[in-house]
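Observations on the three-dimensional arrangement
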Amino acid sequence: MSYIDNIRTFVRVYELGSMSAAARDQRISAAVASSRISQLEEYLSVRLFHRTTRQLNPTEQGNTFYEGACKILETIDEAEAAVNSITQSPRGLLHIAAPLGVGRRLIAPLIPEFKKEYPLIDLRLRLSDRKLDLTAEGLDVAFFLGVPEDSTLRIRKIADCPRVLCASPTYLSNRGTPTSAEELTNGTHDCLNLRYPGAPEFQWPLETAEGTRRYAVKGPFESDDGDVLTDWALEGYGITLKPVFEIAEHLSSGALVPVLTDTPPMPIQMALLYTHRRHQDPKTRLLIEFMTPRVQAALKENQAVAKT
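Right, let's walk through the structure included here. (Residues numbered from 1 in each chain as written. Predicted model: local features only at pLDDT ≥ 70, side-chain atom pairs only at ≥ 80, totals over all residues. Heavy atoms only, no water.)

**Considerations on the overall build of the chain**
The number of helices and strands found in the chain is 10 helices and 14 strands. Counting only C-alpha atoms and orienting by the principal axes, one finds that the chain spans roughly 75 × 45 × 35 Å. When each of the 308 residues of the chain is scored for burial, the buried share is 44%. In the chain, once contacts between residues fewer than 6 apart in sequence are set aside, the share between residues at least 24 apart is 74%. (Helix = DSSP H or I, 4+ residues; strand = E, 2+ residues; numbered from the N terminus. Buried < 20%, exposed > 50% of the residue type's maximum accessible area, 1.4 Å probe, protein only. Contact = heavy atoms within 4.5 Å.)

So this is what it looks like as structure tokens:
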């Protein structure tokens with residue numbers, strides 16, 4: 001297996017452009033990653049990377065070997081998947097990603113249940129509201145809110161999630177309740193916005209009598225963590241746009257109050273993303289079939305809580 005391990009490390013170093021990043025990805029030390037690349041270069045009698053103190057770039061031989069290495073690993077993965085499918089005992093590791101709110105409230109509680117049902121499968125859950133590259137980051141499956149930009153990915157829709165504009169009673173008492181969506185853009189009210197590098201949505205899409213309109217909202221506070229926005233809204237710092245499932249308990253208790261209900265936000269799609277190759281893996285299919293109905297049920301429960 002050492003030669004295969006060396007190839008896997010080479011592929012991740014090539015894709016990530018960093019020995020240390022590849023080492024973290026594979027949960028090995030940078031020294032081990034460097035040693036694997038050196039062993040591979042010695043075996044092949046070529047230099048695979050140009051190394052300096054600041055840069056690591058593939059050589060011509062490295063570019064050529066990468067293409068063949070990917071085919072080797074795909075063949076091995078497909079062979080392992082076929083064996084797992086025949087034996088009906090899928091095993092191995094799954095890397096899963098999800099936005100912070102989705103992961104904390106919907107996915108993380110289901111991970112132990114999945115592990116109990118499939119004890120030979122280990123899971124690694126990564127939570128982030130930033131845009132992720134499934135291939136570059138070695139992910140098997142990613143939960144996603146919105147519409148993916150990468151058309152090469154496969155998508156399994158889970159549900160359309162209702163969203164709400166809301167603020168705390170304290171904020172509304174101090175600043176008044178907005179009566180039109182234009183007040184979100186003209187400085188009358190402070191909006192709490194989710195922004196991060198590469199974010200596809202910098203405007204709030206609201207359903208009006210004339211159809212969907214996008215409003216470039218204004219406010220003094222922004223964050224790349226949706227839960228931070230919820231905390232700020234609870235503390236009375238502004239109006240925020242949130243999926244109902246993320247704040248169901250706050251809506252139920254009255255800690256957050258819906259506003260502009262005549263021009264509600266458009267629902268946002270929740271889906272599972274994965275590459276065509278990953279779909280051949282029985283572990284991936286099991287995870288998708290396990291998570292989809294349970295997440296759908298949890299979303300319905302949260303919507304019911306929000307209405308009580």
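**Some remarks on the environment of Q269**
Here Q269 lies in strand β14 (residues 268-274). The spacing of Q269 and F10 is 259 residues in sequence and 36 Å in space, taken between C-alpha atoms. Those residues in contact with Q269 that sit more than four places away from it in its chain are F144, L145, G146, V147, P148, I155, K157, A159 and D160.

**A few points about unusual backbone geometry**
Its identity is not glycine, yet S45 carries a phi of approximately 60°, on the positive side. With respect to the helices and strands, the residue S45 is situated in the loop between α3 (30-44) and β1 (49-51). Residue classification places S45 among the exposed residues on the basis of a relative accessible area of 64%.

**Thoughts on the sheet that holds strand β3 (residues 92-98)**
Taken in spatial order, the 5 strands make up an open sheet running β4-β3-β5-β14-β6, and their pairing is mixed. Every other strand in the sheet has two partners, leaving β4 (121-127) and β6 (154-161) as the edge strands with one partner each. When strand polarity is set aside, the average angle formed by the axes of neighbouring strands in this sheet is 20°. Here β3 runs beside β4; their pairing, made up of 7 bridges, is parallel. (Pairing = 2+ DSSP bridges. Axes fitted to C-alpha atoms, helices over the stretch in contact; angles between N-to-C directions.)

**Digging into the sheet that holds strand β7 (residues 163-167)**
An order of β11-β8-β12-β7-β13 is seen for the 5 strands of this open sheet, with the pairing classed as mixed. Here the strands that pair on one side only, and so sit at the sheet edges, are β11 (221-223) and β13 (257-258). Where β7 and strand β12 (residues 239-243) come together, 4 bridges link them in antiparallel fashion. Bridge pairing in β12 links R163 to P243. Along the sheet face, helix α9 (residues 244-253) touches β7, β12 and β13 and points at about 115° away from the line of β12.

**Comments concerning the pattern of salt bridges**
Any two side chains of opposite charge can pair if their charged atoms end up close together. Tallied over the full model, the rule gives 13 salt bridges. One salt bridge connects D122 with K115, and the closest N-O pair in it is separated by 2.6 Å. You can call D122 partly exposed: its relative accessible area is 34%. A residue is classified by how much of its surface remains accessible, and K115, at 28% relative accessible area, is partly exposed. E182 is paired through a salt bridge with R213; the nearest N and O atoms lie 3.4 Å apart. You can see E182 sitting in the loop between α7 (169-175) and β8 (191-194) and its partner R213 sitting in strand β10 (residues 211-215), a full 31 residues away along the chain. (Salt bridge = Lys/Arg side-chain N within 4 Å of Asp/Glu carboxyl O.)

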